[in-house]
Amino acid sequence: TAWLMAICLNGMNGVETAALCDAMVNSGEVMNWSSCTSICKNVNNLHKSDKHSTGGVGDKVSLILAPLVASFDLVVPMMAGRGLGHTGGTIDKLESIPGYRTQYTSEEFAKLLLSSTDGSDDKRLNAAIVSPSKAMVPADKRMYALRDVTSTVSCLPLQISSIMSKKIAERPDSLVLDVKFGLGSFNKNVEESLQLASGMIEAGELCGINTTALVTRMDSPLGYAVGNWLEVKECIEIMSSREAALSELSADLVNITIALAGQMLVQGGKASNLRDGVAKAKENLLNGNAWNKFREMVSAQGGNVDTIDFPEQYSKAKFSADVKSSQTAYLTSINALEVGLVGVNIGAGRKTVDESIDKRAGIVFHKRPGMSVVEGDILATVYTERADQLATAVQR
């Protein structure tokens, strides 16, 4: 604890932070791609590309991004976390799909990614989203528990090393960071996010990974859905329907996803520049290639494909209520933090790591910032199994 406090008080330079990342990575298992040559002979020539987001409300980008980038024959070894507090977690969302498996050892994860989808070496799965192996970066778990009790969670070098060590342990060739700022983000102002992004880029580069970052706003929830299955359903609609992908309701989600995908394609050698990457990513989103890869990923990880093929058959929460506009006007904003906190209260999120969540609970927005509304219009619908929280959620 004294060492953590010393880091917090004195800081660390970039080289020291990178050395800490490296030490944390080597405290446990790392992805060993070379051990998979029996599955894929040219595994060492395949480009592995990953993305990390600092989190927010309605941030379901990974569900579209991983299969989208993988559809360009890049390997996307994505390890994700669970939700805590007002921010959601990618693993919770995917586990709302019946049967979807998220726990793999690092060796199983590598073999899953490189597994053939048609019996040949030419067509690999390439995309999988799993929980970090318990044997990877054990030092981070020990350190985070101590950071929590010593009030050093916000210490920048410790933030950087915690995030980057888990990504470096995957041994990707390139990494794109989505660093959030705003009401629904851990970092409220853009200066903090820029500093965090700069530090993570430096750590990644010093550890031999081509690293870039996009700094994006998190004042309003991303997309129109907040809540585990509801967010999966929105992603299904975007990937399987051109109309939904071009809808104003999901425009912010689609734009950020395509921007991140474009940058990943540049770093993976599949696009000449960001403009080219964005154009190619948008094409593969609209032509169904991302959707086909998502279906492959869900099937390979044990998920029930019928559930995603027929999402309207998924059972709804027992209780629901509409939030209506009290006036005719333009909707100027939706407070991401408030929405996230309401999500926790209705069961879509958790206050403690061991708390269970309701996969069907959440909020669906029918209007987004910038849209005109008429008095009586339905702005949002709240879904929950907690009848006692419904009226309070609607009022907030």
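Structure report, in brief. Worth saying up front: this structure is predicted, and the values here are computed from it rather than measured. Position labels on residues start from 1 in each chain and follow its written sequence. Only residues with pLDDT of at least 70 get local features here, since the model is predicted, and only at 80 or more are side-chain atom pairs given and counted; chain-wide, interface and lining totals rely on the full set of residues. With hydrogens and water excluded, all non-hydrogen atoms of the structure serve as input to the side-chain values.

## Section: the packing of aromatic side chains
Heads up, the rule is: Only Phe, Tyr and Trp rings are paired, with Trp represented by its six-membered ring, and only when their centres lie within 6.5 Å; those with planes under 30 degrees apart are stacked, over 60 edge-to-face, the remainder tilted. Numbering of helices and strands runs from the N terminus, with a helix taken as a DSSP run of H or I at least four residues long and a strand as a DSSP run of E at least two residues long. The cut-offs for exposure are 20% and 50% of the maximum accessible area for each residue type, with area from a 1.4 Å probe on protein chains only; residues under the lower value are buried, those over the upper are exposed, and the others partly exposed.
Under the definition given, this model contains two aromatic pairs. Considering the side-chain rings of Trp229 and Tyr314, the 3.9 Å spacing of their centres and the 10 degrees angle between planes classify their relative orientation as stacked. Placement of the pair is Trp229 in helix α9 (residues 228–240) and Tyr314 in the loop between α14 (305–309) and β7 (319–324), with a sequence separation of 85 residues. Taken as a pair, Trp229 and Tyr314 share a single burial class, namely buried. When the ring of Trp291 is compared with that of Phe294, the centres are 6.1 Å apart and the planes differ by 25 degrees; the resulting orientation is stacked. Within this pair, Trp291 and its partner Phe294 are both found in helix α13 (residues 289–300), separated by three residues, close to a single helical turn. For Trp291, a relative accessible area of 13% translates into the label buried.

## Some words on the environment of Asp358
Inclusion rule: Every residue pair with non-hydrogen atoms within 4.5 Å of one another is taken to be in contact. For the purposes of these results, a polar contact is taken to be a pair of N or O atoms within 3.5 Å, where, inside protein, one atom must be able to donate a hydrogen and its partner to accept one; residues adjacent in sequence count only when each atom of the pair is a side-chain atom.
With respect to the helices and strands, the residue Asp358 is situated in the loop between α15 (336–345) and β9 (362–365). Taking C-alpha positions, Asp358 is 5.2 Å from Gly347, a pair spaced eleven residues apart along the chain. When sequence neighbours within four positions are dropped, the list of residues in contact with Asp358 reads Asn228, Gly347, Ala348, Thr384 and Glu385. A distance of 3.0 Å separates a polar atom in the side chain of Asp358 from the backbone nitrogen of Arg360.

## As for the sheet that holds strand β1 (residues 49–53)
Strand pairing in a sheet relies on backbone hydrogen bonds, with the paired strands running either antiparallel or parallel. Rules: Pairing between strands requires that DSSP locate at least two bridges from one strand to the other. Angles shown run from 0 to 180 degrees and are taken between the N-to-C directions of axes, each axis being a line fitted to C-alpha atoms and, for helices, limited to the stretch in contact.
Strand order in the open sheet formed by three strands is β1-β4-β5, with parallel pairing between adjacent strands. Both outer strands of the open sheet, β1 and β5 (210–217), are each paired with one neighbouring strand and no more. The sheet shows a mean angle of 20 degrees between the axes of neighbouring strands, direction not considered. Pairing of strand β4 (residues 174–181) with β5, which is carried by eight bridges, proceeds in the parallel orientation.

## Description of the sheet that holds strand β11 (residues 378–384)
Reading across the sheet, the four strands line up as β6-β9-β11-β7 and stay open at both edges, with antiparallel pairing between neighbours. Edge positions in the sheet fall to β6 (225–226) and β7, since each has one partner strand and no second. For β9 and β11, the ladder comprises four bridges, and the chain directions are antiparallel. Note that in β11 the partner of Ile363 across the bridge is Val382. Along the sheet face, helix α16 (residues 387–395) touches β7 and β11 and points at about 10 degrees away from the line of β7.

## Notes on the pattern of salt bridges
Applied cut-off: We define a salt bridge as a contact between a side-chain nitrogen of Lys or Arg and a carboxyl oxygen of Asp or Glu at a distance within 4 Å.
Taken as a whole and judged by the stated rule, the model has 21 salt bridges. Across the pair Glu95 and Arg82 runs a salt bridge, and its minimum N-O distance is 2.8 Å. Pair noted here: Glu95 is in the loop between α4 (90–94) and α5 (106–114) and Arg82 is in the loop between β2 (76–79) and α4, with a separation of 13 residues, a long-range link. Judged by relative accessible area, Arg82 falls into the partly exposed class, the value being 40%. Put simply, Lys233 and Glu237 hold a salt bridge, and the shortest N to O gap is 2.8 Å. Of this pair, Lys233 and Glu237 both sit in helix α9, four residues apart, which is roughly one turn of that helix. Here the residues in one salt-bridge network are Arg82, Asp92, Glu95 and Arg350, joined through shared partners.

## Here's the deal with the side chain of Asp59
Operational definition: For the purpose of charge, His is not counted, nor are the chain termini; Lys and Arg are scored as positive and Asp and Glu as negative.
Position of Asp59 among the secondary structure elements: in the loop between β1 and α3 (61–70). Despite its burial, Asp59 pairs with no opposite charge, the nearest such side chain being Lys180 at 4.2 Å. Non-local contacts of Asp59, meaning those with residues more than four positions away in its chain, are made with Ser53, Lys93, Lys180, Leu222 and Glu231.

## Some words on helix α12 (residues 274–286)
Our working definition: Take the residue count of a helix, subtract one, and multiply by 1.5 Å to get its expected span.
A rise of 1.5 Å per residue sets the reference length of α12, with its 13 residues, at 18 Å; its end C-alpha atoms lie 18 Å apart and thus fit the reference within 8%. All of the buried residues in α12 are Gly277, Ala281, Asn284, Leu285 and Leu286. For α12, the secondary structure elements touched by its buried residues are α3, α9, α10 (242–245), α11 (251–267) and α13. A side-chain oxygen of the first residue of α12 lies 3.2 Å from the backbone nitrogen of Arg275; this N-cap is Asn273. Gly288 occupies a position one or two residues after α12 and carries a positive phi of about 95 degrees.

## Here we look at the pairing of β11
Counting buried residues along β11, six of its seven residues qualify, which places the element largely inside the surrounding structure. Examined bridge by bridge, β7 and β11 share six bridges and lie antiparallel to one another. Within β11, the residue paired with Asp322 across the bridge is Thr381.

## Some words on the environment of Trp33
Residue position: Trp33 is located in the loop between α2 (14–25) and β1. On the basis of relative accessibility, which here comes to 5%, the residue Trp33 falls in the buried class. Counting along the chain gives 68 residues from Trp33 to Arg101, while the straight-line C-alpha distance between them is 21 Å. The residues touching Trp33, leaving out its near neighbours within four places in the chain, are Val43, Asn44, Lys48, Val75, Pro77, Ala110, Leu113, Leu114, Glu170 and Arg171. A distance of 3.3 Å separates the side chain of Trp33 from the backbone oxygen of Arg171, its partner in a polar contact.

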